[in-house]
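# Observations on the model geometry
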Amino acid sequence: MVLNYIWIAFFLVAFVIALVKLVVLGDLEVFPAMMDSTFAQSKTAFEISLGLTGVLSLWLGVMKVGERGGVVNALSRWLSPVFVKLFPDVPKGHPVTGSIFMNLSANMLGLDNAATPMGLKAMEQLQELNPKKDTATNPMIMFLVLNTSGLTLIPVSILVYRAQMGAAAPTDVFMPILLATFFSTLAGVIVTSLYQRINLLNRTMLLTLGGMCAAVAAILWGFSRLDSVVMNQVSVSVANILLMTIIVLFILAGVRKRVNVYDAFIEGAKEGFSTAVRIIPYLVAILVAIGVFRASGAMDWLIGGIGWLLGAVGIDTDFVGALPTALMKPLSGSGARGMMVDAMTTYGADSFVGRLSCIFQGSTDTTFYILAVYFGSVGVRYTRHAVTCGLLADLAGILAAIFIAAMFFG
């Protein structure tokens, strides 16, 4: 329901602003630009789905092999103490906990193409437990907030973009991104737990969150001792080695269980193809709305208004130039990526705005895109508090990114 109102608002706001630009400013190009964006974004949505078909088929096939080989169940048992606290409505030891773990692990490593199929698989399993198929359950919302908060340990793509844009030290944003995304995820878990009345003040969760804080500190310490070239090499190598290790372990587990690995893979791959087709309408809907909003100039007006208001109350506006990335990120990953590159081009890759835009890009994820695709893949229409919790996590990530960037680069 919330997505419905937001989708309508995008079009209405864009139309009103376009009318003002046409009548008052005499801008004859605004409506053609908006219409062009509808065709371009529709094509983009289909191309994304088409591109996902192969990846979905691959990873859902691998997941099916792991499921038949008992790996997913083993992960479920291992994670059960923590997941029982975060997902109290999911039966203890249910296979979905393994799928959720695999999805979150891929996200942490910056492996978006691997994370999406695993996440869609987890949503299908959660939907099996859903008594009201068109309404999001508490476990679904907690899972999606963990996704939208964007916890990333190795932001490989951002480091590559910085290198391409001529940054003197492309990896100098690594630690700020890690800190900002950690606070975003932590805020998301806390806010969602408050909505769902989940008690986090217990021994298991305190040890888990404390362990995560210690792990983040250890990673920061380890990478701080590497130079930029070695840091890039280690980041890329670790991500890809772990990914290939997962594939091989799943295959070996299937062999050990005497599973027909090939047939299991084909069965899972067929699910990937059907899932890719199902999400096309949802992608078209959200990307077209975002494209119209951008083409109308509404985003530019919004940023200009924010800068004026902050300046009027005496707040330093140095960070405003990077806000387009932050505001676009919940709407569109590719749009936010374009805003990040534009900020580095305009202000310089090593400027405060250029670096902050990279931290914004890495500190959260595409909230509306994720909600549209994940809920759309299982036919959920009523999202309850998912949007609110996801956006509050995004806000925490944005605020953390500003303060951390000021601390590191201000």
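Please refer to the structure placed before this passage.
Reference entry: report on the structure contained in this document. These numbers were taken from a predicted model, which means no experiment stands behind them.

### As for the overall build of the protein chain
A tally of helices and strands in the protein chain yields 18 helices and 0 strands. Projecting the C-alpha coordinates of the protein chain onto the three principal axes gives extents of approximately 70 × 45 × 40 Å. Classification of the 410 residues of the protein chain by burial places 53% in the buried group. Intrachain contacts of the protein chain at a sequence separation of at least 6 include 79% that bridge at least 24 residues. Within the structure as shown, the protein chain displays about 18,200 Å² of accessible surface, and the carbon and sulfur contribution to it stands at 68%.

### Structural notes on the nonpolar core
One finds Phe-87, Met-123, Phe-143, Phe-360 and Phe-375 to be the most contacted residues of the largest nonpolar core, which totals 88 residues. Examining the composition of this core, we find that 10 residues originate from one element, helix H18 (residues 386–409), more than from any other. In this view, Phe-360 contacts Ala-322, Leu-323, Thr-325, Ala-326, Lys-329, Ile-398, Ala-401 and Ile-402; residues no more than four positions away in its chain are not counted. In terms of nonpolar packing, the next biggest core, distinct from the first, is built from 12 residues, Met-63, Met-102, Phe-250 and Ala-253 among them.

### Comments concerning a nonpolar patch on the surface
Among the surface-exposed residues, Phe-15, Val-16, Leu-19, Val-20, Leu-22, Val-23, Val-24, Leu-25, Leu-28 and Trp-301 lie close enough to one another that they form a single nonpolar patch of about 970 Å² accessible area. For the nonpolar patch, the element with the most residues is helix H1 (residues 2–23), which contributes 6 residues. With respect to the helices and strands, Val-20 occurs in helix H1.

### Overview of the packing of aromatic side chains
Scanning the model with the defined rule gives 6 aromatic pairs in all. When the centroid spacing of 4.9 Å and the interplanar angle of 65 degrees are considered together, the rings of Trp-7 and Phe-11 count as edge-to-face. Of this pair, Trp-7 and Phe-11 both sit in helix H1, separated by 4 residues, roughly a single helical turn. On the basis of relative accessible area, Phe-11 is assigned to the partly exposed category, the value being 27%. Relative to Phe-31, the ring of Phe-15 lies with its centre 5.8 Å away and its plane at 70 degrees, an arrangement referred to as edge-to-face. Separated by 16 residues along the polypeptide, Phe-15 in helix H1 and Phe-31 in helix H2 (residues 30–68) bring together distant segments of the chain. Its relative accessible area of 25% is what places Phe-31 among the partly exposed residues.

### Comments concerning the environment of Gly-335
Topologically, Gly-335 is positioned in helix H15 (residues 333–347). Given a relative accessible area of 3%, Gly-335 falls into the buried group. In contact with Gly-335, not counting residues within four places along its chain, are Arg-294 and Met-328.

### With respect to unusual backbone geometry
With a phi close to 55 degrees, Arg-197 is a non-glycine residue in the positive phi region. Assignment of secondary structure puts Arg-197 in the loop between helix H8 (174–196) and helix H9 (203–224). Unusually for a residue other than glycine, Arg-258 sits at a positive phi of about 60 degrees. Tracing the backbone shows Arg-258 in the loop between helix H10 (228–256) and helix H11 (261–278).

### A few points about the environment of Val-373
Within the element layout of this structure, Val-373 appears in helix H17 (residues 367–378). The class of Val-373 is buried, set by a relative accessible area of 1%. When the C-alpha atoms of Val-373 and Pro-281 are compared, they prove to be 9.3 Å apart, with 92 residues separating the residues in sequence. Among all residues touching Val-373, those that are not within four sequence positions of it are Leu-120, Ile-279 and Leu-283.

### Remarks on the packing of H8 against H18
At a minimum axis distance of 8 Å, the contact between H8 and H18 shows a crossing angle of 150 degrees. With respect to H18, the axis of H8 lies roughly antiparallel. Every pair of crossing elements has a handedness; the one defined by H8 and H18 is right-handed. Residues Met-175, Pro-176, Leu-179, Ala-180, Phe-183, Ser-184, Ala-187, Gly-188, Val-191, Thr-192 and Tyr-195 of H8 form the contact with H18, whose own contacting residues are Thr-388, Cys-389, Leu-392, Ala-393, Asp-394, Ala-396, Gly-397, Ala-400, Ala-401, Ile-404, Phe-408 and Phe-409. By residue class, the composition of the contact of H8 with H18 is 17 nonpolar, 5 polar and 1 charged.

The rules behind the values
- Residues numbered from 1 in each chain as written.
- Predicted model: local features only at pLDDT ≥ 70, side-chain atom pairs only at ≥ 80, totals over all residues.
- Heavy atoms only, no water.
- Helix = DSSP H or I, 4+ residues; strand = E, 2+ residues; numbered from the N terminus.
- Buried < 20%, exposed > 50% of the residue type's maximum accessible area, 1.4 Å probe, protein only.
- Contact = heavy atoms within 4.5 Å.
- Areas by Shrake-Rupley, 256 points an atom, 1.4 Å probe, with all protein chains shown as cover.
- Core = buried A, V, L, I, M, F, W, Y, C linked by side-chain atoms within 4.5 Å.
- Patch = residues over 30% accessible without salt bridge, like charges linked within 9 Å, V, L, I, M, F, W, Y side chains within 5 Å.
- Salt bridge = Lys/Arg side-chain N within 4 Å of Asp/Glu carboxyl O.
- Phe/Tyr/Trp six-rings, centres within 6.5 Å; stacked < 30°, edge-to-face > 60°.
- Axes fitted to C-alpha atoms, helices over the stretch in contact; angles between N-to-C directions.
- Parallel < 35°, antiparallel > 145°, perpendicular 65-115°, else oblique.
- Left-handed = near helix turned anticlockwise from the far one by under 90°.
- Nonpolar A, V, L, I, M, F, W, Y, C, P; charged D, E, K, R; others polar.

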